[in-house]
Amino acid sequence: MDRRTARISRAVAAALVFVTAAYHLWWGFPRSLVYLNAFGTGIPPDPRPFLFVALGLLLLAGPYLVSFEVISLRTAYAGAALLLVGSIAAWVTWHATGHGAFLVGGPAPTSGGGGHSHGGQNTVLLVLSHFPAEPVEGAIKLVETAAVVLFVTLLRLDPAVVTGDRTATAEQTEASES
């Protein structure tokens, strides 16, 4: 990958991450405030608002940490890909387990979705059924998937990461020979 393509890919990945983080903060922050307002009255039936806020903040922290050289590009790419894969997996798990019914030991909590049921549906069909039923959720999952693909590609082909690895390996070889 040439430097220009890598730079464009980084910009696109950053935009996708910003969209994902903005959505998670937009959805999670107000609901977190509602649950915090009721703090002490029991376990919130839906942990997602707090997890959404945490994910959004972690995703937004990545570029900051890279720009101040707290973490390397390699670590940022791998971390972002893992966070986004985790978000997708959590989304699938949430829906495949009856919207978190396992958390409350009863009927599934509802917190503002379109309201639908899954019955005993195949997980693949279940995920596909959410694209027309919940178009915003589907769009965000597509954005996250595209970002994962870009981060994995950048992790393997970005000259800044690949060159950095070669430099570090050469320095380690020189140090061991001395």
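Note that the structure is predicted; figures quoted are calculated from it, not measured. (Residues numbered from 1 in each chain as written. Predicted model: local features only at pLDDT ≥ 70, side-chain atom pairs only at ≥ 80, totals over all residues. Heavy atoms only, no water.)

A. Spotlight on helix 1 (residues 3-37). In this model, helix 1 (35 residues) spans 49 Å end to end at C-alpha, consistent with the 51 Å of a helix rising 1.5 Å per residue. At Gly28, helix 1 shows its maximal kink, close to 30°; a proline, Pro30, follows between one and four residues later. Among the residues of helix 1, those classed as buried are Ala6, Ser9, Ala13, Leu16, Val17, Thr20, Ala21, Tyr23, His24, Trp27, Gly28 and Ser32. (Helix = DSSP H or I, 4+ residues; strand = E, 2+ residues; numbered from the N terminus. Expected span 1.5 Å × (residues − 1). Bend = angle between axes of the 7 residues up to and from the residue. Buried < 20%, exposed > 50% of the residue type's maximum accessible area, 1.4 Å probe, protein only.)

B. Quick peek at the side chain of Ser32. For Ser32, the position within the fold is in helix 1. Judged by relative accessible area, which is 6%, Ser32 ranks as buried. At 3.2 Å, the side chain of Ser32 and the backbone oxygen of Pro49 are in polar contact. (Polar contact = N/O pair within 3.5 Å; in protein donor to acceptor, adjacent residues only side chain to side chain.)

C. Spatial organisation of the packing of aromatic side chains. With the rule as written, the count across this model stands at five aromatic pairs. Geometrically, the ring pair formed by Tyr77 and Phe151 is tilted, given 6.0 Å between the ring centres and 40° between the ring planes. Taken together, the residues span a long stretch of sequence, with Tyr77 in helix 3 (residues 73-96) and Phe151 in helix 6 (residues 135-157) at a distance of 74 residues. Each member of the pair, Tyr77 as well as Phe151, carries the same accessibility label: buried. (Phe/Tyr/Trp six-rings, centres within 6.5 Å; stacked < 30°, edge-to-face > 60°.)

D. Region of the structure containing the environment of Tyr77. On the accessibility criterion, Tyr77 (4% relative accessible area) is buried. Placed 78 residues apart in sequence, Tyr77 and Leu155 show a C-alpha to C-alpha distance of 6.0 Å. Here Asp158 takes part through its side chain, which lies 2.5 Å from a polar atom of the side chain of Tyr77.

E. Up close: the pattern of salt bridges. Using the criterion set out here, one finds two salt bridges in the structure. Between Arg10 and Asp158 there is a salt bridge; the shortest N-O distance is 2.8 Å. With Arg10 in helix 1 and Asp158 in the loop between helix 6 and helix 7 (159-177), this pair connects stretches of sequence that are 148 residues apart. Look at Arg10 and you get partly exposed, because its relative accessible area is 29%. The exposure class of Asp158 is buried, given its relative accessible area of 0%. (Salt bridge = Lys/Arg side-chain N within 4 Å of Asp/Glu carboxyl O.)

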